[in-house]
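Chain and residue survey
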Amino acid sequence: MARRLALAVILPKGSDEYPERFGGGYVRFSLIVGHLSRRVNIIKLEYSQRFLQTLSSILASLKNLGIIRRGSPVAIVSVNPAPPDILTGSLLSRMTGIAHVVFVNSVPLYGYAGYGLISHKKSSLPHIWSFIRASRRPLFPALVETLIYYELFRCLRRAVCIPLTPDIAESLDRMGYTLVSRTLGIGCLRAQLPASGKKLDAVYIASPLHPDKGLYDVLEIWEAVVKEIPSMRLLIAGKEAPFFDMGMLKENVRCRGLEGNVIVFSRKYGVPKRYILKLLSRAKLLLYPTLKDQTPLIISEALSCGTPVVTYDLPGIRYAYGDCPAVIRVKPGNKQLAAKEILNLLSNPIRFEKLRITALAWCRNNSWKKVAAETLKAYLYAALTDYRTRIKRNAGI
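Residues numbered from 1 in each chain as written. Predicted model: local features only at pLDDT ≥ 70, side-chain atom pairs only at ≥ 80, totals over all residues. Heavy atoms only, no water.

A few words now on the overall build of the chain. For the chain, the count of helices and strands is 14 helices and 12 strands. A total of 397 residues make up the chain; the buried ones form 52% of that total. Taking the intrachain contacts of the chain between residues at least 6 apart in sequence as the baseline, contacts between residues at least 24 apart amount to 72%. If you sum the accessible surface of the chain, you get close to 18500 Å²; carbon and sulfur atoms cover 55% of it. (Helix = DSSP H or I, 4+ residues; strand = E, 2+ residues; numbered from the N terminus. Buried < 20%, exposed > 50% of the residue type's maximum accessible area, 1.4 Å probe, protein only. Contact = heavy atoms within 4.5 Å. Areas by Shrake-Rupley, 256 points an atom, 1.4 Å probe, with all protein chains shown as cover.)

Most of strand β7 (residues 202-209) is tucked away, with six of its eight residues classed as buried. Following the chain from β7 across helix α7 (residues 215-228) to the adjacent parallel strand β8 (residues 234-240), one finds a crossover that is right-handed. (Right-handed = clockwise from strand over helix to strand, strands pointing away.)

The next subject is the environment of Ile32. Mapped onto the elements, Ile32 comes out in helix α1 (residues 24-36). Judged by its relative accessible area of 2%, Ile32 is buried. Spatially, the C-alpha atoms of Ile32 and Ala373 are 8.8 Å apart, while their sequence positions differ by 341 residues. Ignoring any residue separated from it by four or fewer positions in sequence, one finds Ile32 in contact with Trp368, Val371, Ala372 and Thr375.

Our focus in this paragraph is the nonpolar core. Core analysis: the biggest nonpolar cluster contains 125 residues, and Trp222 and Leu303 have the highest contact counts within it. Beyond its immediate stretch of four places on either side in the chain, Trp222 contacts Asp201, Ala202, Met232, Arg233, Leu234, Asn261, Val262, Leu287 and Ile342. (Core = buried A, V, L, I, M, F, W, Y, C linked by side-chain atoms within 4.5 Å.)

This part covers the sheet that holds strand β3 (residues 75-78). Pairing is parallel across the open sheet formed by six strands, whose spatial order is β2-β1-β3-β4-β5-β6. Strands with a single pairing partner mark the edges of an open sheet, and in this sheet they are β2 (41-47) and β6 (178-179). Pairing between β3 and strand β4 (residues 99-104): four bridges, direction parallel. Pairing of Val77 across the sheet is with Val101, part of β4. With respect to the sheet, helix α6 (residues 166-174) is in contact with β4, β5 (160-163) and β6, its orientation differing from that of β5 by roughly 150°. (Pairing = 2+ DSSP bridges. Axes fitted to C-alpha atoms, helices over the stretch in contact; angles between N-to-C directions.)

The next subject is the packing of aromatic side chains. Under the defined criterion, the tally for this structure stands at three aromatic pairs. With centroids separated by 6.3 Å and ring planes inclined at 85°, the aromatic side chains of Phe22 and Tyr26 adopt a geometry described as edge-to-face. For the pair shown, Phe22 and Tyr26 are each scored as buried. (Phe/Tyr/Trp six-rings, centres within 6.5 Å; stacked < 30°, edge-to-face > 60°.)

To continue, consider the pattern of salt bridges. By the definition in use, this model includes 17 salt bridges. Close ionic contact of Arg154 with Glu151 constitutes a salt bridge, the shortest N to O distance being 3.3 Å. Placement of both Arg154 and Glu151 in helix α5 (residues 139-158) is noted, with a separation of three residues, approximately one turn of the helix. Accessibility expressed as a relative area gives 40% for Arg154, which makes it partly exposed. Classification of Glu151 by relative accessible area gives partly exposed; the value is 23%. (Salt bridge = Lys/Arg side-chain N within 4 Å of Asp/Glu carboxyl O.)

On to the side chain of Gln294. With respect to the secondary-structure elements, Gln294 resides in the loop between β10 (286-288) and α10 (297-304). Residue classification places Gln294 among the buried residues on the basis of a relative accessible area of 3%.

Moving on to a nonpolar patch on the surface. Taken together, Phe140, Leu143, Val144 and Leu147 make up a surface patch of nonpolar side chains, about 380 Å² in accessible area. Structurally, Leu147 can be placed in helix α5. Judged by relative accessible area, Leu147 falls into the partly exposed class, the value being 47%. (Patch = residues over 30% accessible without salt bridge, like charges linked within 9 Å, V, L, I, M, F, W, Y side chains within 5 Å.)

The subject of this paragraph is the packing of helix α12 (residues 335-346) against helix α13 (residues 349-364). The description of two helices packed together rests on the angle between their axes and the distance between the axes. Between α12 and α13, the shortest axis-to-axis distance is 6 Å and the interhelical angle comes to 95°. On the basis of the axis angle, α12 is roughly perpendicular to α13. Note on element contacts: α13 touches α12 through Arg351, Phe352 and Leu355, opposite Glu341, Asn344 and Leu345. Taken together, the residues that form the contact of α12 with α13 break down as three nonpolar, one polar and two charged. (Parallel < 35°, antiparallel > 145°, perpendicular 65-115°, else oblique. Nonpolar A, V, L, I, M, F, W, Y, C, P; charged D, E, K, R; others polar.)

Along the chain, Lys239 turns up in strand β8. Among all residues touching Lys239, those that are not within four sequence positions of it are Glu20, Arg21, Ala206, Ser207, Pro208, Leu209, Arg267, Lys268, Tyr269 and Gly270.

Let us look at the pairing of strand β12 (residues 327-330). Looking at chain direction, strand β11 (residues 309-312) and β12 are connected through four bridges and run parallel. Across the sheet, residue Thr311 finds its bridge partner in β12, namely Arg329. In this view, the connection linking β11 to its parallel neighbour β12 by way of helix α11 (residues 315-321) has right-handed handedness.

So, in structure tokens, the structure goes:
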């Protein structure tokens, strides 16, 4: 019997049980890992987040070295472009000679590609330092973070990157990285139908709750909606953002006179998926005017519940959901148009029902099984690319 191929995947401890706590890359992997494991062996390499990033990477590499040698994977995969994941993968790759593959759903340090932010070809130490210090961090933490990110960019140049969207691929290409560009797409869960109809007017769910995710835009849009229909109510739910005072949000709600129209529910480690799906299945609409995002999974989760979405027309959202009429996209920052779309949708039951049916039909044609198959092809092709690069380097070509 032929031996199955294996992939070693780097994950933080606890991401299996609660991936929403750690980030979108881990959530996406949790949705495809079941399909992947039917085709290849998945070797999970876990690290602890209790230590400093560099220390946790070194400890994880030494701990998992024996596991990798026994499992003989064709590639070591970092499913999220976080510093501990990339540093751990790079160290293990150098110690074992196995290809390091990084799934990139955002450009590290430089934020999100495609939104007017510049991605620099040369990640020099002085530039990273000035970038981090611009956020007014204390001197010593800024110095440590600068050194970590400098090493991270060096590790990325030794790896093979799989960009999630074309605009990320463009940014990484300008920065001089080795890429494997494939259309991975986005998947949907099985239809989550409400038990007793849609009782909520609208929900806004983000991880984390932060102005970059359109938090204040939501309030401005809803204020315009309430002026037309005073009885409209919105639920805001999500993960609390580090260094963001939730009291400021509640004060903003009070100052706009929206106490009776906006409910805020936040948790330190985010809202579990089962509760997110319950909220979405009971909402008539997902309002998600994010300013910085790629292919937000919250939109696919809303569609799986038959819930239309009003969002900003960002490149990543257009790439992933541009063919779905139930995702209504407006120009970023055009809050009045977003409010108008909400009012038109909620005051027109026939249109709402058509979009609900369209959302469920779109989900049936976009499964995570298909995404898993394309992702596996990308992993294997990236490993082959690394193998070819090493042969050329050793041959001096």
